[in-house]
Amino acid sequence: MREQIKTACPLNCYDVCGLVVTIENKKIIKIAGDKEHPITQGKICGKGKMLLDRLNDSKRLLYPLKKIGNDFVRVSWDEALQEISEKMQEVKASFGPTAILHSYDYSSGGLLKGLDQRFFNFFGGFTEVIGSLCWGAGVQAQQYDMGNALSHDVSDIKNAKTIVVWGRNVTDTNQHLLPFLQEAKQKGTKLIVINPVKNGIAKLADTHIAIRPGMDGILALLVSKIIIEKSWVDRDFISAHSIGFEQFKQEVEQLNISEISKEIGVDPSLIDQLAIAFSQRKPVMTFLGLGMQRYANGGNTIRAIDALAAISGNIGISGGGVNYANLSVGRSFNWAELTRSDVRKQYRTFARSTQADEILNAVDPPIKMAFITRSNAVNQLPNYQQTIKALEQIPTKVVIEMFMTETAKMADYILPSAAVFEEEDIHYGSMFHGVIRYGPQIVEPKGEAWSDLKIWTELSKKLGLTGFEKSVDDFLELALKDLNQHGLDLAAIKNVKQFVLPIQTISWSDKKFTTPSGKFEFFSEQAKREGLSPTAGLVYPHESWQYQPELKRKYPYNLLSIHPTKSLHSQHHFFLRKKGDLPSVIISERVAMLHEIKTGDRIKLYNDRGEIVGKAKIQIGNQQDTILLEEGWSTDSGANANLLTANKLSDMGNGSVQYDCAVMIAKVKARD
Ligand SMILES: Nc1nc2c(c(=O)[nH]1)N[C@H]1C(S)=C(S)[C@@H](COP(=O)(O)OP(=O)(O)OC[C@H]3O[C@@H](n4cnc5c(=O)[nH]c(N)nc54)[C@H](O)[C@@H]3O)O[C@H]1N2
Ligand SMILES: Nc1nc2c(c(=O)[nH]1)N[C@H]1C(S)=C(S)[C@@H](COP(=O)(O)OP(=O)(O)OC[C@H]3O[C@@H](n4cnc5c(=O)[nH]c(N)nc54)[C@H](O)[C@@H]3O)O[C@H]1N2
Ligand SMILES: [Mo]
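Here the structure is a predicted model, which is why all the values come from computation and not from measurement.

Conventions used here
Residues numbered from 1 in each chain as written. Chains lettered and ligands numbered in written order. Predicted model: local features only at pLDDT ≥ 70, side-chain atom pairs only at ≥ 80, totals over all residues. Heavy atoms only, no water. Near = heavy atom within 4 Å. Polar contact = N/O pair within 3.5 Å; in protein donor to acceptor, adjacent residues only side chain to side chain. Areas by Shrake-Rupley, 256 points an atom, 1.4 Å probe, with all protein chains shown as cover. Nonpolar A, V, L, I, M, F, W, Y, C, P; charged D, E, K, R; others polar. Domains from an automatic or database assignment. Pairing = 2+ DSSP bridges. Helix = DSSP H or I, 4+ residues; strand = E, 2+ residues; numbered from the N terminus. Axes fitted to C-alpha atoms, helices over the stretch in contact; angles between N-to-C directions. Buried area = accessible area lost by both parts, 1.4 Å probe. Salt bridge = Lys/Arg side-chain N within 4 Å of Asp/Glu carboxyl O. Buried < 20%, exposed > 50% of the residue type's maximum accessible area, 1.4 Å probe, protein only. Core = buried A, V, L, I, M, F, W, Y, C linked by side-chain atoms within 4.5 Å. Contact = heavy atoms within 4.5 Å. Phe/Tyr/Trp six-rings, centres within 6.5 Å; stacked < 30°, edge-to-face > 60°. Lys NZ or Arg CZ within 6 Å of the ring centre and 35° of its normal. Arc of directions from axis to C-beta.

## Focus: the site of ligand 1
Part 1 of the argument: Close contacts around ligand 1 come from 35 residues, with T173, N195, G214, D216 and L290 the closest.
Part 2 of the argument: At 3.1 Å, a backbone N or O of D172 approaches a nitrogen atom of ligand 1.
Part 3 of the argument: Separating a nitrogen atom of ligand 1 from a backbone N or O atom of S567 is a distance of 2.8 Å.
Part 4 of the argument: For ligand 1, the protein covers 99% of the area, taking 910 Å² as the surface of the free molecule.
Part 5 of the argument: The class makeup of the residues in the shell around ligand 1 is 17 nonpolar, 13 polar and five charged.
Part 6 of the argument: Each of two domains, domain 2 (137–324) and domain 3 (551–667), supplies a minimum of three residues to the shell around ligand 1.

Shown next as structure tokens:
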């Protein structure tokens, strides 16, 4: 008998698509898009379809494993959890709970995944990784400016007269935004794309601005200067709803447009065009990508763009907004009661991007044990070499995984986690829309795989901890508690399958910003107190000609290790690539000419941190010094982008600087 079951894609992505899963004889035979999802409307990408391959693959980890010598041997759950719990007690008794590191990311978007924190809090504390490889700098920037990072509902796109897609790789990473943009364009809305790369969305644009990487904030300042000089500013917004405009004005007044426009690689005529668009062709709806804030100046970039939208009166109006993230989605849930940070006794934080350095430098206490969950840290963290060094130093490592990833290979214990359709959860994403979906358990877990929640529950029992006596339904009900007043509880979502969260459709429409002043803050006292410039200003990327001419003479190009089209980070590369496959390294015609490289040539990229090998592909229309490589390729393939990236922190929000990366290129000779 065939049956169709509604659920959602759990991948860490903008779209969090609605799925319909077909089962026959208790086996899943098909995954398709659900037409009844208001945003994703029945279409899904290859990554979503491949959830079935990931579920059924013969390489799935099916039993707990323990490393003995250089080999992994199968052990029972009881043995694994007994030994892990003894080790935890030992470490806690000798060094305190913060000698245990929990390093995690967000590979899977289920609500229940967040209960890992509850486990460590009831254990008495831990060292947690904070900040983000993903969006940290931009989130903090918008918090300084507006008090939160919020997006308009996509339906509001139809009210925009101009749309600016600033750095977001819509056709690859946020495919369900595309039809809304196409529809707007057909109705005559102008589409401007600002991106060093002539990517899929840039090809659709009325204007594509191929800016030099890491210079977007500076562009926004130059555009602001023109708008201020021409008195095109929105005086009402500035006087009634903002503070610090005069200080911002002083920052931009001193800028020399003709000189700086050369540095950022944008023709002054395009700067004028943007000034006209932002002030005369309103409302302007801006979509920011996350890639462009993975720089040392990333937060400043987003603050400058926010300021441009604010002076031109494009914030808090229908058809406007600086859409970066949608944090009110995740914040709708009752995390305080789910995670219970109030019960822990000790707590320490490391920044995600620099965790390797912090592990190596930790003394009080040192890190004696680590849990790595929902993350392929070895592949995804910046500066691979440093990650390996740090992990090698930790005596006991537990990895919860579905596959034998590079990270799992470094573990002392591997605990096999269930796949999405093998466990019940509620799926949501805080990057784009506010539709949440119930995901029932559809099939039994393969082998002896357990859900992450079951692992924490059973480990709690071994340790004699409280906190996990509840059922899955209890936890889901707890998570939804604050939403009950809006008619959303577990029974309702189980019945209806999806729910649109009661979040604002036009962010800041009441102009009540959640900053300390209650206004849009061009000048942020909070930023100043935290040691930062209180306003956005002229700041270049770290590995730039302006700051490091010596370095740039050796490594003149900028590597953008962007998100892969067909994989979610490392997760699908794992299936798609055969031994010997190499990724495309996309270069401009100028770089090709200078280094005598043709499409298809084997090339290497290198800097002081490392070297990768790939196949050259020449692409016309990109900023000439920009080189593109998909992240997520395995280190074995020779093309892990993080062999080249730096593990430093962005200016704010403990973000990463993975795109602030100077490299050199060379053709690989036959015997190189
Ligand atoms: N297929 C696929 N989809 C995904 C993911 C995936 O791995 N694969 N990952 C998901 C996740 S976790 C995230 S965070 C999002 C990320 O989604 P995006 O922000 O869209 O993509 P990124 O790959 O982070 O950023 C790369 C984009 O930023 C541009 N860029 C880089 N530097 C600059 C700059 O200095 N200025 C400007 N203007 N543009 C710049 C690049 O050319 C590229 O178009 O995608 C999500 N969706
Ligand atoms: N060079 C470079 N590096 C980057 C980026 C970049 O643009 N350039 N982007 C960064 C960004 S935006 C992000 S978000 C991070 C992502 O970093 P990660 O989240 O570490 O990346 P993934 O490759 O998705 O690895 C997730 C792992 O979790 C496992 N997993 C899946 N589901 C579950 C589950 O339910 N439970 C458990 N325990 N495990 C599960 C998967 O099998 C997979 O191995 O990477 C960052 N790294
Ligand atoms: Mo991300």
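Now that the structure is up, let's keep going.
## Some points on the sheet that holds strand β18 (residues 425–427)
Part 1 of the argument: If you walk across this open sheet you meet the three strands as β18-β19-β20, and the pairing is antiparallel. The two strands at the open ends of the sheet, each matched to only one other strand, are β18 and β20 (498–500). Across the sheet, the mean angle from the axis of one strand to that of its neighbour is 20 degrees, orientation sign disregarded.
Part 2 of the argument: The sheet contact formed by β18 and strand β19 (residues 435–439) spans three bridges and is antiparallel. By the bridge assignment for β19, H427 is matched with R437.

## Focus on the domain arrangement of the protein
Part 1 of the argument: In terms of domain boundaries, the protein breaks down into domain 1 (65–133 + 329–500), domain 2 (137–324) and domain 3 (551–667).
Part 2 of the argument: One C-alpha centre belongs to domain 1, the other to domain 3; they are set 31 Å apart.
Part 3 of the argument: Together domain 1 and domain 3 conceal approximately 1,800 Å² of surface at their shared face, both sides included; 46% is due to carbon and sulfur atoms.
Part 4 of the argument: On inspection of domain 1 and its partner domain 3, the count reaches zero salt bridges.
Part 5 of the argument: At the boundary of domain 1 and domain 3, one finds 18 residue pairs in polar contact (both at pLDDT 80 or more).

## What to know about the pattern of salt bridges
Part 1 of the argument: In the structure shown here, the tally under the stated rule is 31 salt bridges.
Part 2 of the argument: D608 is the partner of K554 in a salt bridge, and the nearest nitrogen-oxygen pair spans 3.5 Å. Here D608 lies in the loop between β24 (602–606) and β25 (611–618) and K554 lies in helix α25 (residues 549–554), a separation of 54 residues in the sequence.
Part 3 of the argument: What makes D608 exposed here is its relative accessible area of 56%.

## Looking at the site of ligand 2
Part 1 of the argument: Surveying the vicinity of ligand 2 reveals 30 residues, the closest of which are R54, N376, Q380, E401 and S570.
Part 2 of the argument: In the model, an oxygen atom of ligand 2 is placed 2.9 Å from a nitrogen or oxygen of the K113 side chain.
Part 3 of the argument: Note that an oxygen atom of ligand 2 is positioned 3.2 Å from one of the side-chain N or O atoms of S375.
Part 4 of the argument: Coverage of ligand 2 by the protein amounts to 98% of the 920 Å² it exposes when considered alone.
Part 5 of the argument: The class makeup of the residues in the shell around ligand 2 is six nonpolar, 16 polar and eight charged.

## Observations regarding the nonpolar core
Part 1 of the argument: In this structure, I157, W166, L219 and I315 are the most contacted members of the largest nonpolar core, which totals 87 residues.
Part 2 of the argument: Of the residues forming this core, the biggest block, nine residues, is contributed by helix α9 (residues 216–229).
Part 3 of the argument: No fewer than three residues from each of domain 1 (65–133 + 329–500) and domain 2 (137–324) sit in this core.
Part 4 of the argument: In this structure, L219 is in contact with W166, I194, I211, I264, V266, I271 and L274, ignoring residues within four places of it in sequence.
Part 5 of the argument: In this structure, L133, V378, I627 and L643 belong to the second largest nonpolar core, which totals 49 residues.

## Some thoughts on the packing of aromatic side chains
Part 1 of the argument: Using the criterion set out here, one finds 28 aromatic pairs in the structure.
Part 2 of the argument: Judged by centre distance (6.2 Å) and plane angle (90 degrees), the ring pair of Y555 and Y606 falls under edge-to-face. Remark: Y606 occurs in strand β24 and Y555 occurs in the loop between α25 and β22 (557–562); sequence separation between them is 51 residues.
Part 3 of the argument: Given the relative accessible area of 6%, Y555 is considered buried.
Part 4 of the argument: Given a relative accessible area of 27%, Y606 falls into the partly exposed group.
Part 5 of the argument: Ring-pair connections join several aromatic residues into one group, and the members of that group are F119, F120, F126, Y347, F371, W456, F468 and F475.
Part 6 of the argument: Above the ring of Y659, the side-chain terminus of R294 is found at 5.1 Å from the ring centroid.
Part 7 of the argument: Directly above the aromatic system of Y606 lies the positively charged group of K604, at a separation of 5.4 Å from the ring centroid.

## Details of the sheet that holds strand β1 (residues 2–8)
Part 1 of the argument: Pairing in this open sheet of three strands is antiparallel, and the strands run β1-β2-β3 from one edge to the other. Two strands close off the open sheet at either side, each with one partner strand: β1 and β3 (27–33). In this sheet, adjacent strand axes meet at a mean angle of 25 degrees when their direction is disregarded.
Part 2 of the argument: As judged from the seven bridges shared by β1 and strand β2 (residues 18–24), these two strands associate in the antiparallel manner. Residue pairing for β2: T7 is matched across the bridge by L19.

## Here we look at helix α12 (residues 257–264)
Part 1 of the argument: Within α12 the residues assigned to the buried category are I257, I260, S261 and I264. Down the axis of α12, the smallest arc covering the buried residues is 105 degrees, so these residues share one side. What points out from α12, more than 90 degrees from its buried face, is the exposed set E259 and K262.
Part 2 of the argument: Where α12 is buried, its residues contact α9 and α13 (268–280).
Part 3 of the argument: Where α12 begins, one side-chain oxygen reaches toward the backbone nitrogen of S258, 3.1 Å away; that side chain belongs to N256.
Part 4 of the argument: Positive backbone phi, approximately 75 degrees, marks G265, located one or two places after α12.

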